[in-house]
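Descriptive structure summary
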Amino acid sequence: MTEDTSTLTGQAPSPVRVAGPTEEIVLPGHTPPPVRDWPPPDLDGTEFDPVLAGLMREGPLTRIRLPFGEGWAWLATRYEDVRLVTNDPRFSRTEVTRRQVTRLAPNFAPRPGSLAWADQPEHNRLRKPVAGAFTVSAMKRLRPRAQEILDGLVDEVVADGPPADLVERVLEPFPLTVVSEVMGVPPADRERVHGWTRQIISTSGGAEAAGRAKTGLYDWIGTMVRDRAHSTDEDVYSLLGAAVTRGEISEEEAVGLAGPLQIGGEAVTHNCGQMLFLLLTNPDLMERMRDRPRERGPVLDELLRHIPHRSTVGLARIALEDVELAGHRIAAGEPVYVSYLAANRDPDVFPDPDRIDPDRAVCPHLAFGHGPHYCTGAVLARLQTELLMDTLLDRLPGLRLAVPAEDVRWRHKTMIRGPRTLPVTWWPGLTPAATP
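Values in this document were obtained by computation on a predicted structure and should not be read as measured data.

**With respect to the sheet that holds strand S13 (residues 423–425)**
Reading across from one edge, S7-S13-S12 is the order of the three strands in this open sheet, with antiparallel pairing throughout. Two strands bound the open sheet, and with one partner strand each, they are strand S7 (164–165) and strand S12 (400–401).

**A short note on the pattern of salt bridges**
One pass over the full model with this rule turns up 35 salt bridges. Residue Arg 125 is joined to Glu 122 by a salt bridge in which the shortest nitrogen-to-oxygen separation is 2.7 Å. Note that Arg 125 and Glu 122 are positioned in helix H4 (residues 122–131) at a spacing of three residues, about one turn of the helix. A relative accessible area of 37% places Glu 122 in the partly exposed class.

**A few points about the side chain of His 365**
Here His 365 lies in the loop between helix H15 (340–343) and helix H16 (378–395). In this structure His 365 comes out as buried when scored by relative accessible area, which is 15%. One polar contact links His 365 to Asp 301, side chain to side chain, over a distance of 2.9 Å. Once residues within four sequence positions are removed from consideration, His 365 is found in contact with Asp 301, Leu 304, Arg 305, Asn 344 and Phe 350.

**Quick word on helix H13 (residues 283–291)**
Within H13, the full set of buried residues consists of Leu 285, Met 286, Arg 288 and Met 289. Projection of H13 onto a plane perpendicular to its axis shows the buried side chains occupying an angular sector of 160 degrees, all on one side. Exposed side of H13, more than 90 degrees from the buried face: Pro 283, Asp 284 and Asp 291 are the residues found there. Lining the buried residues of H13 we find helix H12 (265–280), helix H14 (296–306) and H16.

**A few points about the confidence of the model for the chain**
In the predicted model, the chain carries a mean pLDDT of 89, and 91% of its residues have values of at least 70. Between residues 1–26, whose pLDDT stays under 50, and residues either more than four places distant or in other chains, the model counts 39 contacts.

**Quick look at the pairing of strand S5 (residues 73–76)**
Here S5 shows two buried faces, one formed by Ala 73 and Leu 75 and the other by Trp 74 and Ala 76. Both strand S4 (residues 61–65) and S5 contribute to a ladder of four bridges, which runs antiparallel. Residue pairing for S5: Ile 64 is matched across the bridge by Ala 73. Here S5 runs beside strand S11 (residues 335–338); their pairing, made up of three bridges, is parallel. When the bridges of S11 are listed, Trp 74 appears paired with Val 336.

**Remarks on the sheet that holds strand S6 (residues 91–92)**
Read from one edge to the other, the open sheet built from six strands follows the order S3-S4-S5-S11-S8-S6, with strand pairing classed as mixed. Unpaired on one side and paired on the other, strand S3 (35–37) and S6 mark the two borders of the sheet. Sitting on the sheet, helix H3 (residues 79–86) is in contact with S5, S6, strand S8 (317–319) and S11, with an inclination near 125 degrees to S11.

Thresholds, definitions, all that
- Residues numbered from 1 in each chain as written.
- Predicted model: local features only at pLDDT ≥ 70, side-chain atom pairs only at ≥ 80, totals over all residues.
- Heavy atoms only, no water.
- Pairing = 2+ DSSP bridges.
- Helix = DSSP H or I, 4+ residues; strand = E, 2+ residues; numbered from the N terminus.
- Salt bridge = Lys/Arg side-chain N within 4 Å of Asp/Glu carboxyl O.
- Buried < 20%, exposed > 50% of the residue type's maximum accessible area, 1.4 Å probe, protein only.
- Polar contact = N/O pair within 3.5 Å; in protein donor to acceptor, adjacent residues only side chain to side chain.
- Contact = heavy atoms within 4.5 Å.
- Arc of directions from axis to C-beta.
- pLDDT = per-residue confidence, 0-100.
- Axes fitted to C-alpha atoms, helices over the stretch in contact; angles between N-to-C directions.

Here is the structure:
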């Protein structure tokens, strides 16, 4: 073994540059990890992505290449590293808009105003006009209306009797309607908007289909913002229209702000589909949820931690300067991804991470992200999730799958994972109190 004399002299070892698709700096004694291709697998059920599991075993910082874009990127999977990268101003989202970073999405057209690509202090400036629509107090005001929408859907399911596809009858229309009301989408436009958002999160159809869907959605949003320029209503499009009129943001920024918020309802559909599937295939967990309704909150947090809510990774960041992380030096200009899914399975934070444990003392999951880019609609998503779980479990006694678990169909070619169908049955004609 060759002794590193720099440790004897007290001098820091000199970094070594290694040539490759993107030049990098590696600390002495550390060889760069190989670049791994990561095609999004079409997985059924709630199986954890085996490619991601393999990357986690290789080390806390690996290198990946996704289906679209150019070159490779670093991937951070350890909980503390993910928190560091997502909350450190040395890693920029804005810089990503100036290059073709390796990515999952077939169409890459960042828009000015999008919170997803904004760094501070721009992020706070852009977020301010819509922040009031997603506060805890706003969600308290929304809750009765959201419950009314959900009750109407479940009333129809109960009246028709079993079996029923929960995705078609409840999990898709409920978040679509709630998000549409929060945003201010007219009822006549909701199905068209849903078609655009569904195509945008899909990887089928390629860049052309995604591009057409984005063009359609964003042109429509521009019209909505202009039409609400003098509105005093509190829906998001009215708030944005008023902010443009006051000169706080441009119309282009308002459109970029609204797009991702409009798409957010898709995540609730798929996440709740996965969580219900886990309950329907874990009798002990389902029994606990039924018998201890006041303790459902921690179980929902554990399920949010556990579910593989997306394919591969989300959006990249660019290092603005050299940053030492997990034994490697990420060079200025290099792209970095984080995996919230991997962080939520970090055994140093979540003992026995692959097991669903509703009795974890604490569950500081990162399902809604971390740092400045923590999900703007997280409170809304949590509200919808709680209402869905409470209402379905309380109003459909004996809720269970109507088909074998292996016959449930799952979404493929999509960025957000979830069941395509969720056929269920229950004991019709029984009130919850009469449930055996």
